[in-house]
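Below are the chains, spelled out letter by letter.
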Amino acid sequence: MSNYHIKHLEEYWQVYRKSLRNPESFWEEIAEEHFLWRKRWDNVLSWDFSKPEVKWFEGAELNITENCIDRHLATRGDKTAILFEPNDPSEGAQHITYNELHERVSKFANVLKSQGIKKGDRVCIYLPMIPELAVSVLACARIGAIHSVVFAGFSATALSTRINDCDCKMVICSDGSFRGNKTIDLKGIVDEALKSCEGVSTVLVAERTKSDIEMKEGRDKWLQPLLDEADSVCKATVVKAEDPLFILYTSGSTGKPKGMVHTTAGYMVYSAYTFKNVFQYREADVYWCTADIGWITGHSYIVYGPLANGATTVMFEGVPSYPDYGRFWEIVEKHKVTQFYTAPTAIRALAKENLEFVNKYDLSSLKVLGTVGEPINEEAWHWYNDNIGKKNSPIVDTWWQTETGGIMISPIPYSTPTIPTYATLPLPGIQPALMDENGKELKGNQVEGRLCIKFPWPSMARTIYGNHERYRDTYFSAYENAYFTGDGALRDAVGYYRITGRVDDVIIVSGHNLGTAPIEDAINEHPAVAESAIVGYPHDIKGNALYGYITLKETGEGRNHDNLSKEINQLITDRIGPIAKLNKIQFASGLPKTRSGKIMRRILRKIACKETSNLGDTSTLLNPEVVNELIEQSLVVS
Ligand code: WT7
């Protein structure tokens, strides 16, 4: 029996049970046999969820890039590590071999050093999906610097908040980015953001769009000339198992974004292990995850997990609709992609288009299909299964979070029988629990509750950067001795899990996690706005879309609502990014409130979802009369 590579259901159960019986020896064996260590650990695991404090492989020393690159050179030096597919297909793909990746990462790491970056420094990476993004991530890891990748769709304000929160010394960006037929002025956004970031002394600029940009004397430097001069050998900096590898921001239901801190050894072991099993990766495969490296999916399953397994990982710069809606399938055919991992929102968008866009292409190379980021509805699941997998490729519906670092609940393809909308079974080492409203664990099957994890796993985030108390309050205070995910879930008669959605004020729009509070803060900046509340409502393609209830100040009352709506969405775009724009806006005469002044979002959610027949008890409201007004007004909101 192999712990590392599960090949059938019986083996899954054996491995899973072993991981419960003795988690430490389970992970120790995997760590020992499949990774390169500079020094062995003294202790596999110590943990205390009340602090919370979790340490894996304490005492060990390593460098993750030696695991992702150097150790493959002897046997896979000429194998493609990163297969770059540009936005414009006519530009042609780039095959970056492990040898080349080694050289590019080493040179980049030497540039970082020459610019004064040292172990433990934070470096913000704000790049489109071009090879420099993966290379810069690995270059940071090479020298023990902590990368903080910010998705290049975020606005200047969102970028500056993230740069300042973790005191980044450097920003790595490009002149611009290509997305479909658009060119985006990334450097302009960086310039705007840096007006309020005093700690950044250097900006490295990769050339991509050859746009006309401003270079600030002394601060901004073109990357290529520095790389040209850099030495192609860079000894990896040895770090400790629990040294931070990266920070990645995720929205919370309140307050500013949370900088989740992931550490080195546990993250490496878990992302590699889950990559191997969930995608059943084999040596000659070509694996493609369509996510952006700006999200955790890209960190774990474009960069670290695949490279730690010596895989070929596709990096796609573009969008599914350019030059036309067949783009994904054209890439699958061209590169003979074997594993394809995407978001339900992309599947729903493509399913709306003519099937000709799919049927033109030979998709017979595919062996495993995956989804991530939000629940997949049954219709989308069947479309994916029938038209892309031709009922021949198992679909892995993978549930996890930025905080968990790796996939937690997922089928093992060709082992776990799949059912649409079910993430199915926990991966080895993962101990889920469902809790009732009173904090008691619901044992047995056929129960529904709040999803928690009872035991540490190697890739869990260790803290929120600069705010350990918030980490404890958010994840470890709702239930004793358990990590609370923020999701609801049910366990069916055979023990399969189905994720039912967020139970807090986070709304998942097109697979992006959005907290309501920061959006409301942006809206409330508008001089005509008195108050606002955002809820989610079901949307065909996005899964959920945003519905905003907005009350105006007296001074705003004569204003044209169409103009106001535009201004409000512009404010949101400026403060957060276009992904957080409201789909519907209702200018309301008031918001329903409890006697203590709390907005009753439950009622607002029902009105937005047109479920007004059963609003529950509204008599305890401070202003019950507003409910009928809201329902009436909602009828004209489009
Ligand atoms: C939230 C985490 C994990 C990488 C991308 C998102 C939702 C994620 C699923 C799934 C139902 C899912 C959860 C979770 N979610 N995967 N397979 N089925 N819901 O990471 O931005 O941190 O969001 O995404 O609500 O809590 P994230």
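Residues numbered from 1 in each chain as written. Predicted model: local features only at pLDDT ≥ 70, side-chain atom pairs only at ≥ 80, totals over all residues. Heavy atoms only, no water.

Novice: Even after reading the chapter, I still don't get the site of the ligand, so can you show me in this structure?
Specialist: As a structural note, the neighbourhood of the ligand is formed by 18 residues, with Asp397, Thr398, Thr402, Asp487 and Arg502 the closest of them. The contact in question runs from a nitrogen atom of the ligand to an N or O atom on the backbone of Thr398, over 2.8 Å. Between the ligand and Arg502, the relevant distance is 2.8 Å, taken from an oxygen atom to a side-chain nitrogen or oxygen of the residue. When isolated, the ligand has an accessible area of 560 Å², and the protein chains bury 95% of it. Listed by contribution, the elements that provide at least two residues to the shell around the ligand are helix 11 (296–308), strand 20 (395–398) and strand 26 (497–502). Classifying every residue of the shell around the ligand gives seven nonpolar, six polar and five charged. (Near = heavy atom within 4 Å. Polar contact = N/O pair within 3.5 Å; in protein donor to acceptor, adjacent residues only side chain to side chain. Areas by Shrake-Rupley, 256 points an atom, 1.4 Å probe, with all protein chains shown as cover. Helix = DSSP H or I, 4+ residues; strand = E, 2+ residues; numbered from the N terminus. Nonpolar A, V, L, I, M, F, W, Y, C, P; charged D, E, K, R; others polar.)

Novice: Hey, could you run me through the pattern of salt bridges in this one?
Specialist: Oppositely charged side chains can form a pair if their charged atoms are brought close together. Within this structure, the stated rule accounts for 37 salt bridges. Measuring nitrogen to oxygen at the nearest pair gives 2.8 Å for the salt bridge that ties Arg76 to Glu283. Taken together, the residues span a long stretch of sequence, with Arg76 in helix 4 (residues 73–76) and Glu283 in the loop between helix 10 (264–278) and strand 16 (286–289) at a distance of 207 residues. Close ionic contact of Lys169 with Asp121 constitutes a salt bridge, the shortest N to O distance being 3.1 Å. (Salt bridge = Lys/Arg side-chain N within 4 Å of Asp/Glu carboxyl O.)

Novice: Can you walk me through the sheet that holds strand 7 (residues 146–149) in this structure?
Specialist: Paired through their backbone hydrogen bonds, the strands of a sheet run either parallel or antiparallel. An order of 12-11-8-6-7-14-15-24 is seen for the eight strands of this open sheet, with the pairing classed as mixed. On the outer flanks of this sheet lie strand 12 (220–222) and strand 24 (463–464), each paired with one strand and no other. Relative to strand 12, strand 11 (residues 202–206) runs parallel, the two being bridged by three bridges. From the neighbouring strand, Val203 faces strand 12, where its bridge partner is Asp220. On the sheet, helix 6 (residues 131–142) packs against strand 6 (122–126), strand 7, strand 8 (170–174), strand 11 and strand 14 (244–250) and is oriented at approximately 175 degrees with respect to strand 6. Across the sheet, helix 8 (residues 186–194) lies against strand 6, strand 8, strand 11 and strand 12, angled at about 155 degrees from strand 8, the strand it touches most. (Pairing = 2+ DSSP bridges. Contact = heavy atoms within 4.5 Å. Axes fitted to C-alpha atoms, helices over the stretch in contact; angles between N-to-C directions.)

Novice: Could you clarify how one ought to interpret helix 7 (residues 156–165) in this entry?
Specialist: Three or four residues apart is the spacing at which side chains of an α-helix point the same way, because the helix has 3.6 residues per turn. With seven of ten residues buried, helix 7 is to be regarded as a mostly interior element. Here helix 7 has its buried residues at Ala156, Ala158, Leu159, Ser160, Arg162, Ile163 and Asp165. Residues of helix 7 that are buried sit in contact with strand 6, strand 8, helix 8, strand 14 and helix 18 (561–575). (Buried < 20%, exposed > 50% of the residue type's maximum accessible area, 1.4 Å probe, protein only.)

Novice: Even after reading the chapter, I still don't get the packing of aromatic side chains, so can you show me in this structure?
Specialist: The relation between two aromatic rings is expressed through the spacing of the ring centres and the mutual angle of the planes. Tallied over the full model, the rule gives 45 aromatic pairs. Relative to Phe49, the ring of Trp47 lies with its centre 4.8 Å away and its plane at 70 degrees, an arrangement referred to as edge-to-face. By relative accessible area, which is 33% here, Trp47 ends up partly exposed. Looking at Phe49, the relative accessible area reads 2%, which means it is buried. Here the aromatic rings of Phe49 and Phe476 are separated by 5.0 Å at their centres, their planes lie at 55 degrees, and the arrangement is tilted. Of this pair, Phe49 sits in the loop between strand 1 (43–48) and strand 2 (53–58) while Phe476 sits in helix 16 (residues 468–476); the two residues are 427 residues apart in sequence, bridging distant segments of the chain. (Phe/Tyr/Trp six-rings, centres within 6.5 Å; stacked < 30°, edge-to-face > 60°.)

Novice: Sorry if this is basic, but what is going on with the sheet that holds strand 22 (residues 441–442) here?
Specialist: Judged by pairing direction, the sheet is antiparallel, and its five strands sit side by side in the order 22-21-23-25-26 without closing on themselves. At either end of the open sheet lies a strand with only one pairing partner, and these are strand 22 and strand 26.

Novice: What's the story with the state of the cysteines in this structure? I'm lost.
Specialist: What is meant by a disulfide is a covalent connection between two cysteines, made through their sulfur atoms. According to the stated counting rule, one finds zero disulfides in the structure shown. Free cysteine: Cys234, not disulfide-bonded; nearest cysteine sulfur from Cys140 at 11 Å. (Disulfide = S-S within 2.5 Å.)

Novice: What's the story with the environment of Ser90 in this structure? I'm lost.
Specialist: When you line up the elements, Ser90 lands in the loop between strand 4 (80–85) and strand 5 (94–97). For Ser90, the side chain forms a polar contact with the side chain of Asp88, separated by 2.9 Å.

Novice: Which parts of the structure should I look at to understand the pairing of strand 16?
Specialist: Looking along a regular strand, one sees the side chains alternate between the two faces of the sheet. On strand 16, burial covers both faces: Val286 and Trp288 on one face and Tyr287 and Cys289 on the other are all buried. Where strand 16 lies against strand 17 (residues 312–316), three bridges are found, and the strand directions are parallel. Looking across to strand 17, one finds that Trp288 is bridged to Val314. For the crossover from strand 16 across helix 11 to strand 17, the handedness is right-handed. Here strand 16 pairs with strand 18 (residues 339–342) via three bridges, running parallel. Bridge pairing in strand 18 links Tyr287 to Gln339. (Right-handed = clockwise from strand over helix to strand, strands pointing away.)

Novice: I'm lost on the environment of Asp285 in this one. Help?
Specialist: Note on placement: Asp285 falls in the loop between helix 10 and strand 16. Setting aside residues up to four positions removed in sequence, Asp285 forms contacts with Gln280, Thr312, Thr338, Gln339 and Lys367.

Novice: Which parts of the structure should I look at to understand the nonpolar core?
Specialist: Membership of the largest hydrophobic core comes to 121 residues, with the highest contact counts inside it found for Trp37, Phe57, Leu101, Leu112, Phe279 and Tyr304. The residues contacting Phe57, other than those within four sequence positions of it, are Trp27, Ala31, Trp37, Trp41, Asn43, Val44, Ala241, Ala265, Gly266 and Val269. By size, the runner-up hydrophobic cluster in this structure holds 47 residues, among which are Leu159, Val509, Ile572 and Phe587. (Core = buried A, V, L, I, M, F, W, Y, C linked by side-chain atoms within 4.5 Å.)

Novice: What is the right way to read empty space enclosed by the protein from this model?
Specialist: If a probe the size of a water molecule is rolled over the atoms, the empty space left behind becomes visible. This model, assessed by the stated rule, comprises one cavity of 30 Å³ or more. Here the largest cavity defines a volume of roughly 50 Å³. Of the residues assigned to the lining of the largest cavity, the class counts are seven nonpolar, one polar and one charged. (1 Å grid on protein atoms, 1.4 Å probe; cavity = no way out; pocket = protein on both sides within 12 Å on 5 of 7 lines; lining within 4 Å. Points joined across faces, edges and corners; volume = space filled by probe spheres on them.)

Novice: Explain unusual backbone geometry to me, please; I cannot follow it from the model alone.
Specialist: With the exception of glycine, the majority of residues adopt a negative phi angle, and the majority of peptide bonds are in the trans configuration. A cis amide bond links Lys51 to the next residue, Pro52, at an omega of -20 degrees. Residues Tyr322 and Pro323 are joined by a peptide bond in cis, for which omega reads -5 degrees. Structurally, the position occupied by Pro323 is in the loop between strand 17 and helix 12 (327–335). Phi is positive for Gln446, close to 55 degrees, though the residue is something other than glycine. Turning to its location among the elements, Gln446 is positioned in the loop between strand 22 and strand 23 (447–453). Unlike most non-glycine residues, Lys610 shows phi in positive territory, near 55 degrees. Mapped onto the elements of the fold, Lys610 is located in the loop between helix 19 (601–608) and helix 20 (625–634). Overall, Lys610 belongs to the exposed group, its relative accessible area being 62%.

Novice: Help me out: how do you make sense of the side chain of His5 in this one?
Specialist: Relative to the assigned elements, His5 resides in the segment before helix 1 (9–21). The exposure class of His5 is buried, given its relative accessible area of 9%. In this structure the side chain of His5 is engaged in a polar contact, spanning 3.0 Å, whose partner is the side chain of Gln280. Contacts of His5, omitting those with residues within four sequence positions, involve Glu11, Lys276, Asn277, Gln280 and Arg282.

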